[in-house]
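# Architecture at a glance
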Amino acid sequence: MSGKSPRKDGTPSRGPREAVWITGLRHLVLLFFVVLAVYPAINVFSISIRPGNKLQSTDLAIFPENWTFDSYVRLFTEEPFLTWMGNSLLVSLAVTVLGVGLAATGGYALSRFRFVGRNTSMLAILTTQMFPATMLLLPLYVVIARLHLINTFLGLLVFYTATALPFCLWQMKGFYDTIPVSMEEAARIDGCSRWKTFVTVTLPLAVPGLVITALFSFMTAWSEYIVAAQILQDEEMFTLPLGLKSFQASMSTEWGLYASAAILVSIPVVIVFMLLSRYLVSGLTVGGVKE
Amino acid sequence: MAAGKIILRDGFAGILLVLVIAGLCGCGSEERTRIVLWHQMVVDERVVLDELVAEFERLNPDVRVQTLYKENEELRSGFQAAALAGTGPELIYGPSDPMGAYMTMGIVGDLSPHFEDGFLDGFTPRSLTWLADEKKPDEKMLVQIGDRVGNHLALVYNRNLIENPPQTTDELIALAIENTVDADGDGKPEQYGLVWNFIEPFFAIPFLTGHGAWVFEAEGSTVPALDTPESVAAMEFIKSLQSEHNVVPAGCDYETADALFKSGSAAMIINGDWSWGGYLSLETPDVDAVIAPLPVVSSTGIPMGPMVASKGYSLNVNVAEESVEHDAAIRFVEFMTSEPVQREFMTRLKTLPSRASLLDDPAITNDPTLLASAQQMQNGRAMPVAAELRAVWDSMRPPYQELMGGGISADEAAEKMQSSAENGIRLMNQQLKPDASVWLLRLIAAFATAGLIFWQRKSFHAFIRDWDKNRFAYFLIGPALLVIAATIIYPFFYNVVLSFSNMSLRNFQDWQVTGFQNYGEVFAGADSKFYMILLKTLIWTAVCVVLHVSLGLLLAVTLNGPVKGKAIYRVLLILPWAIPAYITALTWRGMFNLDYGAVNLIATKWFGLPAVNWLGEEYNALAACIITNVWLGVPFMMVIALGGMQGIPQELYEAARIDRVSRWKQFRHITLPMLKPVLLPAVTLGTIWTFNNLNVVWLVSNAGEPADDTHILVSYVYKAVFNLYQYGYGAALSMVIFFMLLIFSLLFLRKTKATEGVT
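Within chain B one finds 29 helices and 12 strands. Relative to the compact-globule value of 27 Å for 759 residues, chain B shows a C-alpha radius of gyration of 30 Å, a close match. In terms of overall dimensions, chain B has C-alpha extents of about 85 × 70 × 70 Å along its principal axes. The buried share of chain B, taken over its 759 residues, is 49%. If you take every contact in chain B between residues at least 6 apart in sequence, the share linking residues at least 24 apart comes to 73%.

See the structure below:
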């Protein structure tokens, strides 16, 4: 536990220094939850290096006897793992761009304008999430087939964006709501067009919202399985969740491959999060919000 | 110069656009006939399959075969959906047990007319599945050609511990007692004599047959016979292994049994042919696995016989006869079931062939494993292909689990199995007929449409008036709404109609609107568990969401202060979100294991707490699901809260500090209200998602364990639709879920004024 005197953390301070015990408490809470968060993840890692294809083990050892990186080697040599990773990256990044773009503009309309059908739209957007996905399987296949989207990434792009948008729209609307209108009014008086005001004044202040929206869109596409299984028919076009699923079979799942793939699948997410998370750190955007 | 630049720039953008579109479409032209095969061969089998497909394509240069792996249940539900939509793969490969259902649904074609004379004579009778349409019982159709027979259970024993396999159940019990070792005398053996999967009734079948019982009244019958003296005797025998002889563990699912045997902690395991390869190739000095036929039941003299199924190829009914695809598909099936191909599978993957001529092949008779497998198969009984078998499994599972959990006696278990099997089969075969309520429905639909048109007309005028004023807003929101509408409108209305229909196993393609019966079944069905499950769903949702939000906020507040190593904490804390939930949910299931799970081991060894039977008791299992889901969901809320906190002006805190306002009050009166617009969407949608979160409950409770008690409404829908084919009922239940969530959202949004926003 870090009992050292509290220090400023490189980011603008939250005022005077905190008492040592409060900082200590922060570390205590964080460490506790880090252990909780990491332990099951370590278990997954443990499965990935366990010989003999076992999901469960009878002891608590993290490094099992005769541990091996065999599964990782097999992923790259025997399975088209890199192709799946590439497909997933392409689809997820496209969904992120489209999702953030549509949510950034749509959310702004919902936050700033009282147009006809606004309340209905907001509720209607929500209702799309209320139907159990199980029952959508049948009609979904019909829609995908009729739109000739079988075996295309375009199909994934459309459906994933539609899945991610309801949350993203509401989230962006929430973020715009926290930004005072007075700043936009000032820009308007200076002669900026509505679009220019939105892009140059409002959007930069909503960066944390954009980051969350991007992360959410990315994760939606990165981990989605049901729609992908309906659309993609070619192993060469598989995204990672489909690839992972191909190691799974009732009572004869390849646990080593599955777990090692799961570990590798989470690495890009961690990288994306690290890249984006500096925008979730205190102080970077706060300056502009000052009135 | 400037123009050149623009052309250059636009040209570049154009090329980029074309590339992106080409990449997204995955276009490619092909001259050869393409056929698609959906199969469920696992990783090792796929290697052989790919080689053989390449060989076929070499011999048939005009055909390209595209193989696609789908997990068993995925294949079934996916094929049903695709066939209903009039498309789908030309061929499917899998076990024979769904054939009865496919036949009833009318989604598989007849293979028999398309082969040369004599081709079918070489197959063992068990490997050809002939079925007749109920309306034309004399015209039998060949719906599947098997390329192998098997999928059967046998006894696997560890030669380090047991010299010779047991011939009778008395010997089995004696050997098991000898090999159940409790060295430290804590009452919990370190090594068990015998293990198997206590969850799936498939594993109880050999005990039934050995006692002279069978799931149906006779071969070919679909009347369940689970409450007979023979089946009670079988279940008493199973129970005695646990309660009287103490040679099997208290709770044991597939993965636990597997891990126990592989680590040398179980002397014998009952498992299927799919698992033997893994046992034989174990590279550990502790285990020397040998396969043997299951013993003879001492009290009856009947050998324990597992269910035996064939696996093979079936033709999609949508493939037009005379088409090139049809011809290519038949050629492919001929090739894949030919003798050389079967020998290849047999020698490399130890599968039993479906061609009679191969059964005496030295490859079988010289291989102890294949020989034992073939012997075991002789004692086996063919797995029924009738759709009713699914209802039987469903009805056996809960009482079987209760029996093994010690909750009920063998008599009670048998009685429960029988009555619930009868009920399940009745529901599954139910054919609703349109009743008077159809007229009421039409009336309501007409009024609703009229009302909608009238209301829309008013809104439409308002919209026209508003257009000039708010054109910018429509321009901004339009694309997003279009994308959402394009994907959801059709599925939504499809489900609305379906919920008033009789779509089910027996009315799969020819379903019609029948009225309100499905809704009646939801609220007042004979053994409707609706209200109980609703209660569990509410507990599940409320506890999960409250913990998601409060823990997420706690972590965000903690992280949002001056702490060293923030970046590292943050990354570690989002790991539960980053790792695919399927594997982490199953990891949690393993951690909740009664004897070997980390949760109990840590609680008992480090803290001296009593062990909790997490997965074996009704509300504990729900708690286990909740803990898993909270673990999965907190990082998301934490990230949202962190993002929201960046927009709160620091001056507010500074002013509060000067006024010596306590931290709690700062949180209560500054942080929370300022976070509200950002948190509200997450809370609203988080509630909706949690309410409908099928995966976690399904995976952690292993589809409803114990005794089918751990369900929330969506997992119940899933079961009804996928196990009993009650599409209409499932759609009605989905509509009920939909309206409950709609009402919740309306009330919640009104109360919190979430739609209003900036003022």
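This paragraph deals with the overall build of chain A. Helix and strand counts for chain A come out as 13 helices and 0 strands. If you list the helices and strands of chain A from N to C, you get α-α-α-α-α-α-α-α-α-α-α-α-α. Referenced to the eigenvectors of the C-alpha coordinate spread, the extents of chain A come out at roughly 70 × 65 × 30 Å. The buried share among the 291 residues of chain A stands at 52%. Counting contacts in chain A only where the partners sit at least 6 residues apart, residues at least 24 apart contribute 74% of the total.

Another aspect to go through is the pairing of strand β8 (residues 266-272) of chain B. Residues and elements named next belong to chain B. Judged by how many residues are buried, β8 sits mostly within the fold: 6 of 7 residues are covered. Bridge analysis of strand β6 (residues 153-158) against β8 gives 5 bridges, and the strand direction is antiparallel. Its bridge partner lying in β8, Y157 is registered against M268. Looking at chain direction, strand β7 (residues 192-195) and β8 are connected through 3 bridges and run parallel. When the bridges of β8 are listed, L194 appears paired with M268.

Turning our eyes to something else, we now look at the interface of chain B and chain A. Contacts between chain B and chain A engage 128 residues on the former and 127 residues on the latter. A total of 18 residues in the side of chain B that touches chain A trace back to one element, the largest contributor, which is helix α17 (residues 471-499) of chain B.

Residues and elements named next belong to chain A. Between its terminal C-alpha atoms helix α5 (residues 133-146) stretches 20 Å, which fits the 20 Å expected from 14 residues at 1.5 Å a residue. Helix geometry: α5 is bent most strongly at P139, by close to 40 degrees. Those residues of α5 that fall on the buried side of the exposure criterion are T134, M135, L136, L138, P139, L140, Y141, V143 and I144.

To continue, consider the environment of A101 of chain B. Residues and elements named next belong to chain B. Summarising the element assignment, A101 is placed in helix α4 (residues 99-105). Sequence separation between A101 and E45 is 56 residues; the distance between their C-alpha atoms is 26 Å. The residues contacting A101, other than those within four sequence positions of it, are A387, L505 and Y725.

You can see L89 of chain A is positioned in helix α3 (residues 81-112). For the pair L89 of chain A and A221 of chain A, spaced 132 residues apart in the sequence, the C-alpha separation amounts to 9.1 Å.

A few words now on the sheet that holds strand β9 (residues 289-292) of chain B. Residues and elements named next belong to chain B. Strand order in the open sheet made by the 4 strands is β7-β8-β6-β9, with mixed pairing throughout. This sheet does not close on itself; its edge strands, each paired only once, are β7 and β9. Between one strand axis and the next, the sheet turns by 20 degrees as a mean value, whatever way the strands run. Against the sheet, helix α13 (residues 368-379) touches β6 and β9, its axis set at about 30 degrees to β9.

All names here are of chain A. For chain A, mean pLDDT is 83; residues scoring 70 or higher make up 90% of the total. Across chain A, element-level confidence peaks in α3 with a mean pLDDT of 94 and bottoms out in helix α13 (residues 286-289) with 40. Here residues 1-15 is a poorly scored stretch, pLDDT under 50, and it has 34 contacts once near neighbours within four places are set aside; other chains count. Across residues 283-291 the pLDDT falls below 50, and counting only partners more than four positions away or on other chains, this stretch makes 19 contacts in the model.

Take the nonpolar core next. Most often, soluble globular proteins keep nonpolar side chains buried together rather than apart. Residue and element names in this part refer to chain B. Counting 297 residues, the largest nonpolar core has V156 and V195 as the members making the most contacts within it. A total of 18 residues in this core trace back to one element, the largest contributor, which is helix α24 (residues 618-645). Those residues within four positions of V156 in sequence are excluded, and the remaining contacts are F261, M268, I269, N271, W276, Y279, A289 and I291.

When pLDDT is low, close inspection of the predicted coordinates is not appropriate. Residue and element names in this part refer to chain B. Across chain B, the average pLDDT comes to 86, with 95% of residues at or above 70. Below pLDDT 50 for its whole length, residues 1-13 participates in 0 contacts with residues either more than four positions away or in separate chains. A low-confidence stretch, residues 25-29 stays under pLDDT 50, and its non-local contacts, those more than four residues away or across chains, total 7 contacts. Here the predicted complex scores 0.86 on pTM and 0.85 on ipTM.

Here the focus is the environment of A218 of chain B. Looking at where A218 of chain B falls in the secondary structure, it is placed in the loop between α6 (205-210) and α7 (229-243). What makes A218 of chain B exposed here is the crowd of 9 C-beta atoms within 10 Å.

Residues and elements named next belong to chain B. Of all 11 residues in strand β5 (residues 140-150), 9 are buried, a share of seventy percent or more. Examined bridge by bridge, strand β4 (residues 128-132) and β5 share 5 bridges and lie antiparallel to one another. Each bridged residue has a counterpart across the sheet, and for T129 the counterpart in β5 is Q144. Note that β5 and strand β10 (residues 307-315) share 5 bridges and pair antiparallel. Across the sheet, residue G150 finds its bridge partner in β10, namely A309. Direction of pairing for β5 relative to strand β11 (residues 352-353): antiparallel, over a ladder of 2 bridges. Across the sheet, V149 pairs through a bridge with L352, a residue of β11.

A separate point is unusual backbone geometry. Residues other than glycine predominantly adopt negative phi, and peptide bonds predominantly adopt the trans conformation. Residues and elements named next belong to chain B. The residue N246 is not glycine, and still its phi comes out positive at about 50 degrees. Although it is not a glycine, E322 adopts a positive phi angle of roughly 75 degrees. Considering the arrangement of structural elements, one finds E322 in the loop between β10 and α10 (324-336).

Between helix α1 (residues 20-48) of chain A and helix α20 (residues 566-573) of chain B, the shortest axis-to-axis distance is 9 Å and the interhelical angle comes to 35 degrees. Crossing handedness for the pair α1 of chain A and α20 of chain B: left-handed. Between α1 of chain A and α20 of chain B, the residues in contact are L30, F33, V34, A37 and V38 of chain A and Y569, L572 and L573 of chain B, respectively. Across the contact of α1 of chain A with α20 of chain B, the residue classes break down as 8 nonpolar, no polar and no charged.

Rules used in this analysis
Residues numbered from 1 in each chain as written. Chains lettered and ligands numbered in written order. Predicted model: local features only at pLDDT ≥ 70, side-chain atom pairs only at ≥ 80, totals over all residues. Helix = DSSP H or I, 4+ residues; strand = E, 2+ residues; numbered from the N terminus. Rg over C-alpha atoms; globule rule 2.2 N^0.38 Å. Buried ≥ 20, exposed ≤ 12 C-beta atoms within 10 Å, placed from the backbone. Contact = placed C-beta atoms within 7 Å. Pairing = 2+ DSSP bridges. Expected span 1.5 Å × (residues − 1). Bend = angle between axes of the 7 residues up to and from the residue. Axes fitted to C-alpha atoms, helices over the stretch in contact; angles between N-to-C directions. pLDDT = per-residue confidence, 0-100. Core = buried A, V, L, I, M, F, W, Y, C linked by C-beta atoms within 7 Å. Left-handed = near helix turned anticlockwise from the far one by under 90°. Nonpolar A, V, L, I, M, F, W, Y, C, P; charged D, E, K, R; others polar.

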